[in-house]
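Report on the structure
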Amino acid sequence: MKEKINLLDKDFSQMRNLMKQLGLPAFRAQQLFNWIYSSKISSFASMDNLPQSMIALLEEKTCFDPLKIISAQRSKDGTRKFLFELEDKKLIESVYLPYKGVRTSVCLSTQAGCAMGCSFCATAKQPLKRNLSCAEIVNQLLTIEKKVSRRISNIVLMGMGEPLANYSNVLKAVSIMNHKDGLDVAMRRITVSTCGLVKKIYKLAEEKLQLTLAVSLNAATDDLRDTLMPVNKKYPLNELMKACRHYAASTGRRVSFEYVMIKGVNDSRDQAIALASILKGTLSHVNLIRLNPVPSIKMQPAATGAIDMFKAILEMRTIPVSIRQERGKDIDAACGQLSGRKTLNLKRPPDSHSHKI
Ligand code: SAH
């Protein structure tokens, strides 16, 4: 039997083309987008402004099924982590982060596994299995939105994997998430986080999108960054910073720099001074993230005093900086803790709870 076409793999213009291929008028694409992403219905039968013949055709040839949720865990701070099983049984995780007020954020995965090998990250403990399809990226968001019954206002592509290593699927997913008849999330509220794939940063700059680019820096000198992030050997800091300045200049958007604070490794005064110096004159914002513990990784989180000192040094040098609030640590849902393994559910501390769905 021929596989069904997944509608979640189609951006708006591809959806119009698909309608034509199926012998349907192109304007039906907008109705489909509205039903799937705005009304968030789950079956073709509920699309009550479409003719029966079209519904029968779509049912026969296409699908838009939700992702299969294997488990969902809820942190005491309200953060929820979802473990999804894909059709080929690969496992990925996504995180839902509600905030006070109307802001709600999701952190999505872009690959199953990761090839980047950062020494402090849980995802890096497993090899890259494959890129996620556009449908699988969009579907994490759609499935979570349906599950939590809240509209998501912010998206960070900061889960498992390296988004810029899956460039075309990620950008197509972004266009669907941003489309006004799609999920309608403002470009500025979508963040793509990279370990520093320089060529792709230039390519992204050419798209002239208002996306937020986050770059995981984690060290301000090549010697140190080489030891933490193998990508630095290919794209050293001077090349990376040049690309970031180019991105900021061509999009007018400030670049967000992530800096995971590891005790005795990168939390020194010297690194703070070096960081201020490489960021000088760049439209930027630094996010300091205390290292989250990962089993089998010996590194320790930096002390609060060291983080405060680091922040003060940057501030003295007029570099905008904030300390990222820790969320979902008790369910291994915080930055760098996503591993996409079922076994994680067994290692929960007693103050969190999870439920099978
Ligand atoms: N590959 C992309 C996105 C995934 S990592 C990237 O490198 O940006 C998302 C963020 O989590 C990065 O900023 C990374 O530096 C951070 N991170 C990884 N491991 C971490 C850990 N153990 N504790 C805190 N943050 C971590």
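Residues numbered from 1 in each chain as written. Predicted model: local features only at pLDDT ≥ 70, side-chain atom pairs only at ≥ 80, totals over all residues. Heavy atoms only, no water.

Here we take up unusual backbone geometry. Positive phi values are uncommon outside glycine, yet Ser296 reaches one of about 75°. Among the secondary structure elements, Ser296 is positioned in the loop between β13 (284-290) and α11 (304-316). Taking the relative accessible area as the measure of exposure, Ser296 reaches 62% and is therefore exposed. (Helix = DSSP H or I, 4+ residues; strand = E, 2+ residues; numbered from the N terminus. Buried < 20%, exposed > 50% of the residue type's maximum accessible area, 1.4 Å probe, protein only.)

Time to look at the pairing of strand β6 (residues 104-107). Strand residues, when the strand is regular, have side chains that alternate between the two faces of the sheet. Burial along β6 is two-sided: Thr104 and Val106 facing one way and Ser105 and Cys107 facing the other are all buried. Here strand β5 (residues 91-98) runs beside β6; their pairing, made up of four bridges, is antiparallel. From the neighbouring strand, Val95 faces β6, where its bridge partner is Cys107. The turn linking β5 back onto β6 is made up of five residues, and Gly101 within it adopts a positive phi angle of 85°. Strand direction decides the pairing type here: β6 and strand β9 (residues 154-157), joined by three bridges, are parallel. Pairing of Cys107 across the sheet is with Val156, part of β9. (Pairing = 2+ DSSP bridges.)

Turning our attention to the domain arrangement of the protein. Split into domains, the protein comes out as domain 1 (5-63) and domain 2 (68-355). Relative placement of domain 1 and domain 2: their C-alpha centres are 33 Å apart. Residue-level contacts link 16 residues of domain 1 with 15 residues of domain 2. Counting the surface lost from both domain 1 and domain 2, the interface buries some 1,300 Å², and carbon and sulfur atoms represent 60% of this. (Domains from an automatic or database assignment. Contact = heavy atoms within 4.5 Å. Buried area = accessible area lost by both parts, 1.4 Å probe.)

A word on the environment of Val148. On the secondary structure map, Val148 appears in helix α4 (residues 134-148). Those residues in contact with Val148, other than ones at most four positions away along the chain, are Arg80, Phe82 and Tyr96.

What follows covers the packing of aromatic side chains. Throughout the structure, instances matching the rule amount to five aromatic pairs. Relative to Tyr37, the ring of Phe33 lies with its centre 5.1 Å away and its plane at 70°, an arrangement referred to as edge-to-face. Residue Phe33 and its partner Tyr37 are both found in helix α2 (residues 28-38); the two are separated by four residues, about one turn of the helix. The exposure class assigned to Tyr37 is buried, which follows from its relative accessible area of 0%. Relative to Phe84, the ring of Phe82 has its centre 6.1 Å away and its plane inclined at 10°; by these criteria the two rings are stacked. By relative accessible area, Phe82 is classed as buried at 1%. Grouped by ring-pair contacts, the aromatic residues Phe12, Phe33 and Tyr37 constitute a single cluster. Taking the ring centre of Tyr99 as reference, the NZ or CZ of Arg103 above it sits at 4.1 Å. Here the basic side chain of Arg327 rests over the ring of Tyr99, its NZ or CZ set 4.8 Å away from the ring centre. (Phe/Tyr/Trp six-rings, centres within 6.5 Å; stacked < 30°, edge-to-face > 60°. Lys NZ or Arg CZ within 6 Å of the ring centre and 35° of its normal.)

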